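Descriptive structure summary
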Amino acid sequence: MKEKLKAIQEKAMAAFQEAKEMKDIDDLKVKYLGKKGELTAILKEMGKLSAEERPIIGQMANDVRQNLEKRLDEAKNRLAAAEMAHRLEKEKIDVTMPGRARAEGHRHPMSIVTDEICSIFMGMGYEVAEGPEVEKDYYNFEALNIPKNHPARDEQDTFYIGGDILLRTQTSPMQVRTMEKGKLPIRMVCPGAVYRSDEVDATHSPVFHQLEGLVVDKNITMGDLKGALVVFAKELFGEDTKVRFRPHHFPFTEPSAEMDVTCFACGGKGCRVCKGEGYIELLGCGMVHPKVLKMSGIDPDEYSGFAFGMGLERVAMQRYGITDLRLLFENDMKFLKQF
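In short, a report on the structure. (Residues numbered from 1 in each chain as written. Predicted model: local features only at pLDDT ≥ 70, side-chain atom pairs only at ≥ 80, totals over all residues. Heavy atoms only, no water.)

**Thoughts on helix α8 (residues 222-237)**
Worth spelling out the cut-off: Here a strand is any run of E in DSSP of at least two residues, a helix any run of H or I of at least four, and the numbering for each starts at the N terminus. Between the first and last residue of a helix there are one fewer steps than residues, each counted as 1.5 Å, and that sum is the expected span. Burial classes follow relative accessibility: with a 1.4 Å probe on protein chains only, a residue under 20% of its type's maximum area counts as buried, one over 50% as exposed, and anything between as partly exposed. Here the arc refers to the directions that run from the helix axis out to each C-beta atom. Any two residues whose heavy atoms approach within 4.5 Å are treated as being in contact.
Counted at 1.5 Å a residue, the expected span for α8 with its 16 residues is 22 Å, and the 22 Å between its end C-alpha atoms agrees. Turning to α8, its buried residues are Leu-225, Ala-228, Leu-229, Phe-232, Ala-233 and Leu-236. In a view along the axis of α8, the buried residues occupy a sector of 135°, so they form one face of it. Looking at the buried positions of α8, the neighbouring elements they touch are α5 (109-122), β7 (243-250), β8 (253-262), β9 (279-288), β10 (304-311) and α10 (312-320).

**A few points about the sheet that holds strand β5 (residues 186-195)**
Note the cut-off: Two strands qualify as a pair provided DSSP detects at least 2 bridges between them.
Pairing is mixed across the open sheet formed by seven strands, whose spatial order is β1-β5-β6-β10-β9-β8-β7. The sheet is open, and its two borders are formed by β1 (127-128) and β7, each paired with just one other strand. As paired strands, β7 and β8 are joined by seven bridges and run antiparallel to one another. By the bridge assignment, His-248 is partnered in β8 with Ser-256.

**With respect to the side chain of Gln-170**
In plain terms, the rule: Under the rule applied, a polar contact is a pair of N or O atoms within 3.5 Å (in protein, one hydrogen donor and one hydrogen acceptor; residues adjacent in sequence only if both atoms are side-chain atoms).
Mapped onto the secondary structure, Gln-170 falls in the loop between β4 (165-167) and α7 (173-180). Here Asn-140 takes part through its backbone oxygen, which lies 3.0 Å from a polar atom of the side chain of Gln-170. Once residues lying within four places of it in the same chain are set aside, the contact partners of Gln-170 are Asn-140, Leu-144, Ile-146, Val-194, Arg-196, Gln-210, Glu-212 and Phe-252.

This is the structure:
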């Protein structure tokens, strides 16, 4: 009887393994485990056994039944998974399956930085202005005191559409357009895309973003400029941030300066990011040139002002420790999910 039980177990397990359809599983269950099945038939012969053999064979029969039931369940699960895979492939959408949660989007790091900077200046009483990206040569260059022979006006640096129409190379034209309206005093910032004929690499792109700021009022001084920008830097990078101003030249401001902030990586101690300087250049600024005020219809003897401009990609890279500009527009989800 032991040999019969072993034989039944081996045959049944092999049959369950080879089953191709659920109907085959049901037929095999009846054949081996049913009321008239082969295992049941063996158990009916237990009455012929001696008292010593009966418990041994009974235990063995129970083990065989448990093994067959386990293999039967495994076969059912295997066929059910195969059937589901086939249905999914055939039907593509199975409305009986539970729905999957849709991933929520979030703001791009450039949007985060732009909105935060605008919010800082709005808190200081500035308005946010927008202007055309397809601009006239007059507003992009001439009204900003940039002479005809300036290198920035060359076709190798500027995208000209035709005649005096071009893609703006800076957001500064909005300063002129705002001053021309004649509504004083002025406190405004203008974020937006700008275009320059640059090759794409880790630090350059033909399309990038700037934010310009302008204040025009009576008795505005360089001290007002420095005070506003110091507040801005501390709000953006932290209260411990230090700034420094270096003399520079811009055609539309006089005097002009570049402003640096303490390196985000080393806190001003000096590292490879800031090349040992302890500071990183952030923006250009200065007092609005009297000629620019006059060309915009504002009396430079009565009013004065200051202006500043920064590259938003540079701010984002400094803020988040990004080393390659291309990461900001290549739409790599592994990168964007960090923000």
